[in-house]
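Residue-level listing of the chains:
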There are 4 protein chains.
Amino acid sequence: MIGRAAVLNKFNAPLELKSFEAPASLEPGAALVRVTMAGICGTDVHLWRGELPVQLPIILGHETAGVIAGLGPGLERDWSGQPLRVGDRVTWTSTISCGRCFYCAEKKQPTRCPHRRAYGIGYPSTDAPHFLGGYADLHFLRPGTNIFRIPETLSTEAVIGAGCALITAIHGLERTRIDWQDTVVIQGAGPVGIAAAAVARHSGAGKVIVIGAPAARLEMARQFGADHVINIDELKSAEERVAAVRALTGGYGADAVIECVGHPSAIAEGWEMCRDGAKYCVLGHYCNAGSIQLNPHVITRKQLQVIGSWSSEPRHMRMALDFLDRFRAQFPFERMVSHRFDLDQANEALQTTANWAATKCVFVPGRQA
Amino acid sequence: MIGRAAVLNKFNAPLELKSFEAPASLEPGAALVRVTMAGICGTDVHLWRGELPVQLPIILGHETAGVIAGLGPGLERDWSGQPLRVGDRVTWTSTISCGRCFYCAEKKQPTRCPHRRAYGIGYPSTDAPHFLGGYADLHFLRPGTNIFRIPETLSTEAVIGAGCALITAIHGLERTRIDWQDTVVIQGAGPVGIAAAAVARHSGAGKVIVIGAPAARLEMARQFGADHVINIDELKSAEERVAAVRALTGGYGADAVIECVGHPSAIAEGWEMCRDGAKYCVLGHYCNAGSIQLNPHVITRKQLQVIGSWSSEPRHMRMALDFLDRFRAQFPFERMVSHRFDLDQANEALQTTANWAATKCVFVPGRQA
Amino acid sequence: MIGRAAVLNKFNAPLELKSFEAPASLEPGAALVRVTMAGICGTDVHLWRGELPVQLPIILGHETAGVIAGLGPGLERDWSGQPLRVGDRVTWTSTISCGRCFYCAEKKQPTRCPHRRAYGIGYPSTDAPHFLGGYADLHFLRPGTNIFRIPETLSTEAVIGAGCALITAIHGLERTRIDWQDTVVIQGAGPVGIAAAAVARHSGAGKVIVIGAPAARLEMARQFGADHVINIDELKSAEERVAAVRALTGGYGADAVIECVGHPSAIAEGWEMCRDGAKYCVLGHYCNAGSIQLNPHVITRKQLQVIGSWSSEPRHMRMALDFLDRFRAQFPFERMVSHRFDLDQANEALQTTANWAATKCVFVPGRQA
Amino acid sequence: MIGRAAVLNKFNAPLELKSFEAPASLEPGAALVRVTMAGICGTDVHLWRGELPVQLPIILGHETAGVIAGLGPGLERDWSGQPLRVGDRVTWTSTISCGRCFYCAEKKQPTRCPHRRAYGIGYPSTDAPHFLGGYADLHFLRPGTNIFRIPETLSTEAVIGAGCALITAIHGLERTRIDWQDTVVIQGAGPVGIAAAAVARHSGAGKVIVIGAPAARLEMARQFGADHVINIDELKSAEERVAAVRALTGGYGADAVIECVGHPSAIAEGWEMCRDGAKYCVLGHYCNAGSIQLNPHVITRKQLQVIGSWSSEPRHMRMALDFLDRFRAQFPFERMVSHRFDLDQANEALQTTANWAATKCVFVPGRQA
């Protein structure tokens, strides 16, 4: 079987549409999937620009869903133990942790497994089986991939609309452990921020405040659970925004603040939004955006807990799919998908994402332009 | 009754020995104590230099023990419910939280009670009852003070040798919650660092590593539980010290790092000493020592928990006295007391502390010089 | 001022309507409230029947709201720091913990404070100020009572409809700490069970299953968050009910089970409804209903956590009022109030509660019959 | 290679010494070990008596150490990543969890993995490779076995003297999470009880109280960390023992109680030894010893946490070996080994264990009688 893929050969240059031959036969535990939808994540823009240390060429795309076209011997069940068959609609985690190393087995930190490599980021497209990223007609799933059958009642749009933002937010909120009726501030109204608002809203938060821009994203944040929004185009200084949060929290500051911005300047501002004894989750710094002046005395004096959270585990994907399926009326993540592209429109798709012109761009391979 | 006190009238100037009249009668719930020993804390040096925002004149001293000279009506039991009588040997917490405010009652963060004022820091010596700091012959205990009878088997030297360093360390380790057999790094070999080593050693740490100087303090750290020490006079660069910690931790870094230094530069170095998923306690930044360049990406990528801990609660004093009494053979805190002074030697005492020439200076009022 | 009260003089006998004189002047910190609504709790039925060790005569009623008629000197703010004035609509916790004992101060278990006495249970009506229970025209609030001003947007019906069931459920769920998307089984569809369903639904549960009867209560449970209900009049054996839970949980059992029944036989059945590693909260055994055969091997083998939760703390009342006010559209607790009575109908009111004929009976003093 | 094994063919009958042929070649990931010491656990006595549902014939023994005689292809490192070579001294966990099932991957409860089978319990001796239990000259390690190289400074006697009792205790205490300076009661002075005393002592307990018999075991408990012991031959009633615990805990009861007895009657007694808000760990009920009358009201009223803990995970073995090696001076587990037997003395060895005549019996295959 032959399929197309949009290949990143050179940073800051247009992606190139190439054709590859899929493996004629599948090794034990592997699968071949026909891609039906692949999300474009903000990280893809960083990768495109060469801001992360990766080796080219690669096929981008680490948020993908499709239909099983072939199953290798012995691959009979998905991660949750559901039977798998050709024709099933599935998604999967972009990484595989080894399960046996110091971080996996001893410290229960599988997201820090040194053997993890991510589809769409860590595999060269030159070598067979080639199809190891989502911007393609086909996707090869290596043995051990954490595959999840998508429930019939759940749309592919919702799964990809939620994308890796939702599982990132679920992990971050899990590590933060908010208390019931807590006031939660979300810094940032991108996909992770909106997903974090939804998860906070559904985790028993009393009040959810989202800070960001532009207005359309804040409106989306409201639909996904924000009780209050603060527009950074209107409140332009950190002081004003901190004052706004204090006004919404009886003068004390929030019980928890989730940083989903990715710019180091958000941190000091966020600490000021915390009440004493609050929790602060550094969730948006997946990429290294450099250092900034910070005062550690604030952590001591305010008795803060500052919590990092990196990527997610397969069980967060399980929770995400359950959540999306059970609460789709309240949290309609399919609405996040604002722009659809075929593979030959890859550059336009990346550009649209880079411009913040969309809530979420996706590929629908074979789609009529 | 008349008593002497060493009064701080002016920053950076010699303390002045003054005499005050103690209250002729005690209000309900109050007590008067004849001071037998008062510790000099590093914070006192900061106060002396005017590095903390306090109003003068004050009587310094927030680590104090003495003998009850008088009890106001209704004061019949100590914090733990033990009967109190004139002549009892006691110590007390330097602060009183209100028990009813947002932080005390709702958020269970009594160390952040806005109504707290500390003996030896927050009370002017000009107003009766004057004796509200430890550098004095007498100490007045306001109604509501958390008083603890010292067990007969426990020496006053051990209580003051441990001082506020021990209760600070107990609180910090409690918030950090190390796991059994964890490797714990302590940055700093001052009183808090040594106390943190003792508490970590007694909390199930597998390996305790103390980093600091000079050699004499590191030797003391060994006596109090350090398995390994790293001398910053020998390993002068952060890189060398991080490498030394990694060499002691299978290349991964420590499970928990407790900062007991107070200089912002320790933070970035400490984060590098953490394994992924580790806990980092910012314990030494009671004073505001300013900002420094820090990279929040490290918190996300290494999935750290950075935990602040401020001062301590009365129950930590209870734990401290139990610990000192039960395990005095293993942790002989009385040995920390290296220099004794009468009140008229207050400047010499402060200078000796400031010079790092002592492990612990104390006042023994009325002592023959 | 003179007011009426329904007094319990003798177990199993009709309550007697009596008139008492309210205090002419109020001591510092005290208040006098004109009762506008008082809930009848299932515990009141147990008290009436003499199943709890109390001394008569008492005025029953520990879930009460009213309007401030008088404030003693110094009582200027409610528990949350809001200003208090005559005419304010308020509610309060039925007990006061001392804040200084071993359980309050050292072990942070204020619900186990030995000095707690409850309005409506622990005070004789014979002694002034008499009005220390809710079944009355007036209620005296002793100094130190935890008073909460009711937000303007929140109805008194919602507060009393939620009653002590809601704060009990909030405490129980807090101690149980369910994880996000957990499946939660609630055993029992009385007021505590329905409140527990609401709190579980709002705490991020993935699936809430309520087991009880009759059908009307299960319908109410559905309105308050149950995704599935199991009617014990239909599934009459424990085996059938356990099988039903397993069928709803992929064969494994629930992540958390909350017992809100009060009959010891529920426990063994509930343990069977747990998946391995689950949490089981014994919430319904406020009264001593005796012993039953239980197999401790089940706790070891299934690696259960069995968690007790007693009564509630003032901060749970704070959370409850916030929750009721913020989420009143989704959780309309005012609908729980099904029957209203004047004080002279006290026996009818108790009988209606005892018969399980109502979801919630309340007194509205002075109401036209 | 041919080796002997003591085979359990029939319950309550003498074990039979048989010879088997070891595999001529080893499959990838497998290993063959020459047994140097095999512990006899109390569970083996239960197995011998047919009190657990197992299929015969089996080779008993699930606490084993030996020297590597052969390594299958690809087996190059132990569980912790240390290189493995023929001649290395090793031990291993008796079970292998699958790592991918609902309990392993989703609920992080690998001890409840349904695919676990234990060496010495779950494998028939009739089928090759036969040597799947410790009472033998040789032991086959299946691919995936969690193998641990024993540090050079740690004796085999200490490892087997600690046996599965220590890892069981480590897991139980981990789940119980005692607080620093807690008073911990251990019910039972068998191997698990003594190990629990050691772990509690080394986890920051303030006071450790061990309850059991006979006097020799209590003396051993003192050596391993008990501050107080209560002899059940002297205090024969539960009431007396509860009173003794209360006398040692200021009248309140203990902060944590660890049940290491295995008889259901211990539970109600243990609950009475708990202070309100305490933790109670049901650790001794690995075998099903039946039901008993228990009152769930006690759990609610005392606000207990009753925690089950089943078996242990590989990381507990890692902790155990670290602990034994680092703290061997303070906790000399090699002294637990009181009786040594060759394989042809298997019945005598089991009988000695059953009679409680030994602290620990072990096999030393080939030992001169």
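Look a little higher up for the structure.
Read on for a plain summary of the structure. The structure displayed is predicted, hence computed values, not measured ones.

1. Concerning the overall build of chain A
Looking only at helices and strands, chain A has 10 helices and 17 strands in total. Taking 21 Å as the expected radius of gyration for a compact globule of 369 residues, we find that chain A reaches 21 Å, a close match to that expectation. The dimensions of chain A, computed from C-alpha atoms along their principal axes, are 65 × 40 × 40 Å. Here chain A holds 369 residues, and 64% of them are scored as buried. A fraction of 69% describes how many contacts in chain A between residues 6 or more apart in sequence connect residues 24 or more apart. Carbon and sulfur atoms form 49% of the exposed surface of chain A, whose accessible area is close to 13000 Å².

2. So, the relation of the copies chain C and chain B
Two chain copies here: they are related by a rotation about an axis and a translation along the same axis. Overlay of chain C on chain B (RMSD 0.0 Å): rotation 180 degrees, translation along the axis 0.1 Å. Each copy turns onto its partner about a two-fold axis. Identified as the residue of chain C closest to the rotation axis by C-alpha distance is Gly99 of chain C, at 3.6 Å. Same-surface contact between copies: 100% of interface residues of chain C are shared with the interface of chain B.

3. Re the interface of chain C and chain B
Of the residues lining the interface, 11 residues belong to chain C; the matching set on chain B comes to 11 residues. For the pair chain C and chain B, the two sides together bury roughly 1000 Å², of which 46% comes from carbon and sulfur. Among the residues of chain C in contact with chain B, Trp79, Glu106 and Lys108 of chain C are the three that bury the most area, contributing 51% of the side total. Linking chain C to chain B there are two salt bridges.

4. Things to note about the environment of Leu350 of chain C
All names here are of chain C. In this structure, Leu350 sits in helix α10 (residues 346-354). In sequence terms Leu350 and Ala22 are 328 residues apart; their C-alpha atoms lie 25 Å from each other. Residues in contact with Leu350, not counting those within four places in the same chain, are Leu15, Ile40, Asp44, Val45, Trp48, Leu60 and Tyr135.

5. Concerning helix α5 (residues 215-223) of chain A
Residues and elements named next belong to chain A. Residues of α5 that are buried: Arg217, Leu218, Met220 and Ala221. Mapping the buried residues of α5 onto a view down its axis gives an arc of 155 degrees, with all of them on the same face. On its buried side, α5 packs onto α4 (191-202), β10 (207-212) and β11 (228-231). At the C-terminal side of α5, Gly225 shows a positive phi close to 125 degrees.

6. Some remarks on the packing of helix α3 (residues 156-176) of chain C against helix α9 (residues 314-326) of chain C
All names here are of chain C. The interhelical angle for the contact between α3 and α9, taken along N-to-C directions, is 120 degrees, at an axis separation of 9 Å. As summarised for this structure, α3 and α9 are arranged oblique, according to the angle between their axes. The handedness of the crossing between α3 and α9 is right-handed. Residues Ala158, Val159, Ala162, Leu166, Ile167, Ile170, His171 and Glu174 of α3 pack against Arg315, His316, Met317, Met319, Ala320, Leu321, Phe323 and Leu324 of α9. Counted by class, the contact of α3 with α9 contains 12 nonpolar, two polar and two charged residues.

7. Some details on the interface of chain B and chain A
In this complex, chain B contributes 42 residues to the contact, which on the side of chain A involves 42 residues. With both chains or domains summed, chain B and chain A bury close to 3800 Å², and 52% of this area falls on carbon and sulfur atoms. At the surface where chain B touches chain A, the tally comes to four salt bridges. Between Asp255 of chain B and Lys107 of chain A there is a salt bridge, with the nearest N and O atoms lying 3.0 Å from each other. Where chain B packs against chain A, one counts 33 residue pairs in polar contact (both at pLDDT 80 or more). Residue contributions to the side of chain B that touches chain A peak at five residues, all from helix α8 (residues 296-301) of chain B. Looking at side-chain class alone, the side of chain B that touches chain A contains 17 nonpolar, 16 polar and nine charged residues. The sheet contact formed by strand β15 (residues 305-308) of chain A and strand β15 (residues 305-308) of chain B spans three bridges and is antiparallel. Across the sheet, Ile307 of chain A pairs through a bridge with Gln305 of chain B, a residue of β15 of chain B.

8. Thoughts on the state of the cysteines
Throughout the structure, instances matching the rule amount to zero disulfides over all chains. No disulfide involves Cys41 of chain D; its nearest neighbouring cysteine sulfur is the one of Cys164 of chain D, lying 3.7 Å away.

9. Some words on the packing of aromatic side chains
Per the counting criterion, the structure on display carries 48 aromatic pairs over all chains. With a centroid separation of 5.9 Å and an interplanar angle of 90 degrees, the aromatic rings of Phe20 of chain D and Phe131 of chain D are classed as edge-to-face. With Phe20 of chain D in strand β2 (residues 16-21) and Phe131 of chain D in the loop between α2 (102-106) and β7 (138-141), the pair connects residues that are 111 residues apart, well separated along the chain. With a relative accessible area of 11%, Phe20 of chain D lands in the buried category. On the accessibility criterion, Phe131 of chain D (0% relative accessible area) is buried. Here a set of aromatic residues connected by ring pairs shows up, and it is made of Trp180 of chain A together with Phe323, Phe327 and Phe331 of chain C. In this structure, Arg112 of chain C packs its charged tip against the face of Trp310 of chain C, placed 5.1 Å from the ring centre.

10. Digging into the packing of helix α6 (residues 238-247) of chain A against helix α7 (residues 265-273) of chain A
A pair of packed helices can be characterised by two numbers: the angle between their axes and the separation between those axes. Residue and element names in this part refer to chain A. Where α6 contacts α7, the two axes come as close as 9 Å, and the packing angle between them is 30 degrees. One finds that α6 runs roughly parallel with respect to α7. In the crossing of α6 with α7, the sense of the turn from one axis to the other is right-handed. Residues Ala238, Arg241, Val242, Val245 and Arg246 of α6 pack against Glu269, Glu272 and Met273 of α7. For the contact of α6 with α7, a count of residues per class yields four nonpolar, no polar and four charged.

11. A short note on the pairing of strand β3 (residues 31-39) of chain B
In regular strands, side chains alternate between the two faces of the sheet. Residues and elements named next belong to chain B. With seven of its nine residues buried, β3 lies for the most part within the structure. Pairing analysis gives seven bridges linking β3 to strand β5 (residues 64-71), with the strands arranged antiparallel. Looking at β5, one finds that Arg34 is bridged to Val67. Taken together, the four bridges between β3 and strand β7 (residues 138-141) define a ladder with antiparallel strand orientation. Looking at the pairing, Val33 lines up with His139 of β7. Of the strand pairs in this sheet, β3 and strand β17 (residues 361-363) are connected by two bridges, and their pairing is antiparallel. Across the sheet, the residue bridging to Gly39 is Val362, located in β17.

12. Section: the pattern of salt bridges
Tallied over the full model, the rule gives 60 salt bridges over all chains. With a shortest N-O distance of 2.8 Å, Glu174 of chain B and Arg315 of chain B are connected by a salt bridge. Within this pair, whereas Glu174 of chain B is found in helix α3 (residues 156-176), its partner Arg315 of chain B is found in helix α9 (residues 314-326), the two being separated by 141 residues in sequence. A residue is classified by how much of its surface remains accessible, and Arg315 of chain B, at 10% relative accessible area, is buried. Two residues, Arg275 of chain B and Asp255 of chain B, come together in a salt bridge whose shortest N-O distance is 2.5 Å. Taken together, the positions of Arg275 of chain B in strand β13 (residues 274-282) and Asp255 of chain B in strand β12 (residues 254-259) put the pair 20 residues apart, joining distant regions of the chain. Considered together, Arg275 of chain B and Asp255 of chain B belong to a single accessibility category, that of buried residues. Salt bridges linked by common partners bring Lys108 of chain A together with Glu174, Glu313 and Arg315 of chain D together as one network.

13. A closer look at the sheet that holds strand β2 (residues 16-21) of chain C
Residues and elements named next belong to chain C. In space, the three strands of this open sheet follow the order β2-β1-β4, with antiparallel pairing throughout. A strand with exactly one partner marks an edge of an open sheet, and here the two such strands are β2 and β4 (58-59). Here six bridges tie strand β1 (residues 2-8) to β2, and the two strands are oriented antiparallel to one another. Paired with Ala6 across the strands is Leu17, a residue of β2.

14. Quick word on the side chain of Gln109 of chain D
Along the chain, the position of Gln109 of chain D falls in the loop between α2 and β7. Discounting residues that sit within four places of it in the chain, Gln109 of chain D has contacts with Arg275, Gly277 and Gln303 of chain C together with Tyr103 and Arg175 of chain D.

15. Focus on the sheet that holds strand β4 (residues 58-59) of chain A
Residue and element names in this part refer to chain A. An order of β2-β1-β4 is seen for the three strands of this open sheet, with the pairing classed as antiparallel. The open sheet has two edge strands with one neighbour each: β2 (16-21) and β4. Inspection of the sheet shows strand β1 (residues 2-8) paired to β4 by two bridges, in the antiparallel sense. Each bridged residue has a counterpart across the sheet, and for Leu8 the counterpart in β4 is Ile58.

16. Considerations on the relation of the copies chain B and chain A
Expressed as a screw operation, the relation of chain B to chain A combines 0.0 Å of axial shift with a rotation of 180 degrees, fitting to an RMSD of 0.0 Å. Interface overlap between copies is the fraction of interface residues in one copy that are interface residues in the other; for chain B against chain A it reaches 100%, indicating a shared surface.

Thresholds, definitions, all that
- Residues numbered from 1 in each chain as written.
- Chains lettered and ligands numbered in written order.
- Predicted model: local features only at pLDDT ≥ 70, side-chain atom pairs only at ≥ 80, totals over all residues.
- Heavy atoms only, no water.
- Helix = DSSP H or I, 4+ residues; strand = E, 2+ residues; numbered from the N terminus.
- Rg over C-alpha atoms; globule rule 2.2 N^0.38 Å.
- Buried < 20%, exposed > 50% of the residue type's maximum accessible area, 1.4 Å probe, protein only.
- Contact = heavy atoms within 4.5 Å.
- Areas by Shrake-Rupley, 256 points an atom, 1.4 Å probe, with all protein chains shown as cover.
- Least-squares fit on C-alpha atoms with pLDDT ≥ 70 in both.
- Buried area = accessible area lost by both parts, 1.4 Å probe.
- Salt bridge = Lys/Arg side-chain N within 4 Å of Asp/Glu carboxyl O.
- Arc of directions from axis to C-beta.
- Axes fitted to C-alpha atoms, helices over the stretch in contact; angles between N-to-C directions.
- Parallel < 35°, antiparallel > 145°, perpendicular 65-115°, else oblique.
- Left-handed = near helix turned anticlockwise from the far one by under 90°.
- Nonpolar A, V, L, I, M, F, W, Y, C, P; charged D, E, K, R; others polar.
- Polar contact = N/O pair within 3.5 Å; in protein donor to acceptor, adjacent residues only side chain to side chain.
- Pairing = 2+ DSSP bridges.
- Disulfide = S-S within 2.5 Å.
- Phe/Tyr/Trp six-rings, centres within 6.5 Å; stacked < 30°, edge-to-face > 60°.
- Lys NZ or Arg CZ within 6 Å of the ring centre and 35° of its normal.

The quantities given are spatial measurements derived from coordinates; they are silent on function.
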